[in-house]
Structure formats: C-alpha cells, structure tokens
Amino acid sequence: GVSIRMLCLEGFALGLRLVATVVFDTRLPRKSNTVLAQGVDGFSLATVIVLLLLSVSHRRCENHQESMGSFFLASVPALALVMSASLCFLESLSPHGFPDVLWLASLCVDAMSVVPQLQLARKGVVDRLVSHHVIAFFLSRLFALQFWWLIRGLWFQGTGPFGCGILAVYTWQLLLMSHFSFYYLRDVVKNGPFSSVPLVLED
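- By the naming in an unreviewed UniProt entry, the protein is ER lumen protein-retaining receptor, taken from Noctiluca scintillans.
- Quoted verbatim from the Subcellular location (unreviewed entry) heading of the UniProt record, the comment on the protein is "Endoplasmic reticulum membrane".
- A UniProt comment under Sequence similarities (unreviewed entry) is attached to the protein, and it reads "Belongs to the ERD2 family."

### Digging into helix α1 (residues 4–23)
Part 1: Compared with an ideal rise of 1.5 Å per residue, which puts 20 residues at 28 Å, α1 spans 27 Å between its outermost C-alpha atoms and is within 8% of the ideal.
Part 2: The buried fraction of α1 is high, at 14 of 20 residues.

### So, a nonpolar patch on the surface
Part 1: Together, Val19, Val22 and Val23 give the surface a local cluster of nonpolar side chains, amounting to about 240 Å² of exposed area.
Part 2: Since its relative accessible area comes to 47%, Val22 is described here as partly exposed.

Parameters and conventions
Residues numbered from 1 in each chain as written. Predicted model: local features only at pLDDT ≥ 70, side-chain atom pairs only at ≥ 80, totals over all residues. Heavy atoms only, no water. UniProt positions renumbered as here; feature names shortened; annotations may be inferred. Helix = DSSP H or I, 4+ residues; strand = E, 2+ residues; numbered from the N terminus. Expected span 1.5 Å × (residues − 1). Buried < 20%, exposed > 50% of the residue type's maximum accessible area, 1.4 Å probe, protein only. Patch = residues over 30% accessible without salt bridge, like charges linked within 9 Å, V, L, I, M, F, W, Y side chains within 5 Å. Areas by Shrake-Rupley, 256 points an atom, 1.4 Å probe, with all protein chains shown as cover. Salt bridge = Lys/Arg side-chain N within 4 Å of Asp/Glu carboxyl O.

Here it is, written out as structure tokens:
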C-alpha cells in the first residue's frame, strides 16, 4: 500500500519549497519561482494532503498501530541534520541565506521521502499502482537531474558547492530507487506495462 510516512515527507518538502519561493521570493535558475511553478507546487501539496487523508481513513499504509507522534519525534533529528547540512551550502541562490536553507532542505527531505515506500516494498509484493508511482518518482528525478546538469554552467552556483549538492542529492535518489526500477522493468518486459499483476521484488 501507500506509505503514510512518504506522504508526510513529500508534503513537508513541498511546504518548505513554497515558503522559500512564495514568502521569501527565492529566485532559482530560469525563474522557477514563477506563478506557474508555484501553482504546480501548491497543487501537488494539496494532492498529497488529500492522499494522506485518504490513506489514513482507509488505513492503507504500513504500521497502522504505530503512533504518528512517534514518527514525527523520530523525524526531528533527521530534519535537524538536513537543516545543518543545508547551512554548508549558503553561497546563495538569492540575496538571503535563510530561503536557500529552506529550499535545499526541501530538496533533501524530498530525497528522503521515497525511503519509507521502498522499505514497505521490501516485503516482496507491491501493488501495481504503487509501483507505477515509484517509477514516476524515479523518472521525475531523472529528468530533474538532467535539467540541473544541463544548466550547471548557466548560473553562478551551477559548478559551485550548491550546484554540486543538488546534483548529488538527485543522484542519491536515483541510486536508492535503482533496485526497485530493475524489478519494475523486468516485470514490464515479462507481463507488459498494463498488467494488473502485483510487482514481486524477488528473484
């Protein structure tokens, strides 16, 4: 099923990004804080909230008996580490350091968000729709990595610590999902892309 932890982390990452781009007006390469980009982020956040509510109401997530409070308490050290790591890359995208910390923190939290879903998938059998979601996540990060790689020489931090940090985060995400992607592609070759058979992550 759907990991509620993944949805929480995705929502938190989108919230951080919106605060950085809307409230503090962080300007990223190619004016990615335009109304269109902010609207897409806002729509994505609303979608995540709806999915989160549906997952909770239908109890289609892992560890139903686990307290959400304990999850958030366990997340505090990780988020503190993310914010601290972000401070290392304060050669700015904008005139202000704090929005940059928020934006890079959102990227790092987004990178961590797929981990709970992958842990849930380790049980061996994954619902077909969930597997499509994970692969869509993989492809979106692949395209994002390609985008940042292609423009690395077109903005002043593209080849600096900040730009390299962005590339490293996206590369790490792709490596995390490479094992799942292998089984997904193998299943597509075997059963076709429109099969309703659950994905089995076993040899």
